[in-house]
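Results of the structural survey
Residue-level listing of the chains:
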Amino acid sequence: MQPHAGEAQIGGVVGGAHRALAGAIDDRPNSSNEASPSGAMQEPQVRPVVRAPSQISTVSQLLSGGIAGAFSKTCTAPLARLTILFQVQGMRADAGAMMNESPSILRETRRIFKEEGFRAFWKGNGVTIVHRLPYSSINFFAYEQYKMHLRRILGIEGNQESLGVGMSTRLVAGGGAGITAASLTYPLDLVRTRLAAQTKEMYYRGITHALVTITRDEGFRGLYKGLGPTLMVWGRSGIAEEL
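This structure is a prediction, so every number in the text was calculated from the model and none was measured. (Residues numbered from 1 in each chain as written. Predicted model: local features only at pLDDT ≥ 70, side-chain atom pairs only at ≥ 80, totals over all residues. Heavy atoms only, no water.)

**Quick word on the overall build of the protein**
Check the secondary structure of the protein and you find eleven helices and zero strands. In sequence order, the secondary structure elements of the protein are arranged as α-α-α-α-α-α-α-α-α-α-α. Expressed as a percentage of its 243 residues, the buried residues of the protein come to 28%. Expressed as a percentage of contacts within the protein between residues at least 6 apart in sequence, the contacts between residues at least 24 apart total 69%. Approximately 17100 Å² of the protein is accessible, and the part contributed by carbon and sulfur atoms is 62%. (Helix = DSSP H or I, 4+ residues; strand = E, 2+ residues; numbered from the N terminus. Buried < 20%, exposed > 50% of the residue type's maximum accessible area, 1.4 Å probe, protein only. Contact = heavy atoms within 4.5 Å. Areas by Shrake-Rupley, 256 points an atom, 1.4 Å probe, with all protein chains shown as cover.)

**A look at the nonpolar core**
Ranked by internal contacts, the top residues of the largest apolar core, which has 15 residues, are Val127, Val191, Leu195, Tyr204 and Ile214. Among the elements of the structure, α7 (125-153), α8 (163-184), α9 (186-197), α10 (207-218) and α11 (227-242) are those that each provide at least two residues to this core. Here this core gets five residues from one element, more than from any other, and that element is α9. Core analysis: the second largest hydrophobic core is formed by five residues, Leu82, Leu85, Ala120 and Phe121 among them. (Core = buried A, V, L, I, M, F, W, Y, C linked by side-chain atoms within 4.5 Å.)

**Some points on the side chain of Gln198**
Along the chain, the position of Gln198 falls in the loop between α9 and α10. Not counting residues up to four positions away in its chain, the partners in contact with Gln198 are Arg81, Glu116, Lys123, Tyr203 and Tyr204.

**Describing the packing of aromatic side chains**
Throughout the structure, instances matching the rule amount to six aromatic pairs. Summarising the aromatic geometry, the rings of Phe118 and Phe121 are spaced 6.1 Å apart at their centres and angled 65 degrees between planes, so their arrangement reads as edge-to-face. Overall, Phe118 belongs to the exposed group, its relative accessible area being 52%. For Phe121, a relative accessible area of 8% translates into the label buried. Ring centres of Phe118 and Trp122 lie 5.3 Å apart, and the angle between their planes is 55 degrees; this geometry places the pair in the tilted category. Put simply, the rings of Phe118, Phe121 and Trp122 touch in pairs and so form one group of aromatic residues. (Phe/Tyr/Trp six-rings, centres within 6.5 Å; stacked < 30°, edge-to-face > 60°.)

**Remarks on the pattern of salt bridges**
This structure, assessed with the given rule, holds nine salt bridges. A salt bridge links Arg111 to Glu115, with the nearest nitrogen and oxygen atoms 2.8 Å apart. Placement of both Arg111 and Glu115 in helix α6 (residues 105-115) is noted, with a separation of four residues, approximately one turn of the helix. For Arg111, a relative accessible area of 12% gives the class buried. Judged by its relative accessible area of 39%, Glu115 falls in the partly exposed class. A salt bridge links Glu116 to Lys123; its shortest N-O distance comes to 2.8 Å. Residues joined by salt bridges that share partners form a network here, namely Arg81, Glu108, Arg111, Glu115, Glu116 and Lys123. (Salt bridge = Lys/Arg side-chain N within 4 Å of Asp/Glu carboxyl O.)

**Examining a nonpolar patch on the surface**
On the surface, a nonpolar cluster with roughly 380 Å² of combined accessible area is contributed by Val59, Leu63, Ile67 and Leu133. Looking at the nonpolar patch, the element that brings in the most residues is helix α3 (residues 58-75), giving three residues. Within the secondary structure layout, Leu63 lies in helix α3. (Patch = residues over 30% accessible without salt bridge, like charges linked within 9 Å, V, L, I, M, F, W, Y side chains within 5 Å.)

**A look at the packing of helix α4 (residues 77-87) against α9**
Closest axis-to-axis distance for the α4/α9 pair is 9 Å, and the angle between their directions is 80 degrees. One finds that α4 runs roughly perpendicular with respect to α9. Packed against α4, whose contacting residues are Arg81, Ile84 and Leu85, the element α9 presents Arg192, Thr193, Ala196 and Ala197 at the interface. Broken down by class, the residue content of the contact of α4 with α9 amounts to four nonpolar, one polar and two charged. (Axes fitted to C-alpha atoms, helices over the stretch in contact; angles between N-to-C directions. Parallel < 35°, antiparallel > 145°, perpendicular 65-115°, else oblique. Nonpolar A, V, L, I, M, F, W, Y, C, P; charged D, E, K, R; others polar.)

**Here's the deal with the packing of α7 against α9**
Relative orientation of the contacting elements α7 and α9 amounts to 165 degrees, with a least axis distance of 8 Å. Accordingly, the angle class assigned to the pair α7 and α9 is roughly antiparallel. The two elements α7 and α9 meet at a crossing, and its hand is left-handed. Two secondary-structure elements touch here, α7 through Val127, Thr128, Val130 and His131 and α9 through Leu188, Asp189, Val191, Arg192 and Leu195. Across the contact of α7 with α9, the residue classes tally to five nonpolar, two polar and two charged. (Left-handed = near helix turned anticlockwise from the far one by under 90°.)

So this is what it looks like as structure tokens:
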């Protein structure tokens, strides 16, 4: 009977060990088994990092556009002044002598440098820089306003507009913005042209003097002489920018 008792004790010890091991395994936390009843292992999900697109503020856009426009106008100011001088060549005092000669860019360039000096190539460029920032600001603001009102009138919401309607809306808004900006800043454009058209005889001494003199001698409407053709040009330019 003794061997049978020993075997019973050994069997009891082994059975208890098996039960303890099984209990320890059952008590171990297993998130994968709890998440998946079938016991299949799941790979951890990695959420993609979505970065918001960088947006330039409205003020930065206006400043950038104004600075870029002023820089480009400064670089091309000598050619712009030559163009204006050729346009008003028949109104100058020495026009009779100059009519016998064919227009020449090199001849006019030498004359400006000899009679007026190197800085004369940039006559009127200061008012061009002053004109550029308000023009860009008004053009940008007016374009967004015109486009918003046109979309509201046509009953367009979100991105529901067709290609033809969207193009027409942008063209009309661009033309209207160009006309609006040119109308409000035209006196500065007129002053720029008159300052650049001066040669040896200085009739205007600066921007303020030119504005005061034109208003005194020609009236307030004198600041808007030539506005009609200018609006046609700027309206066309605003439409062309949207094409």
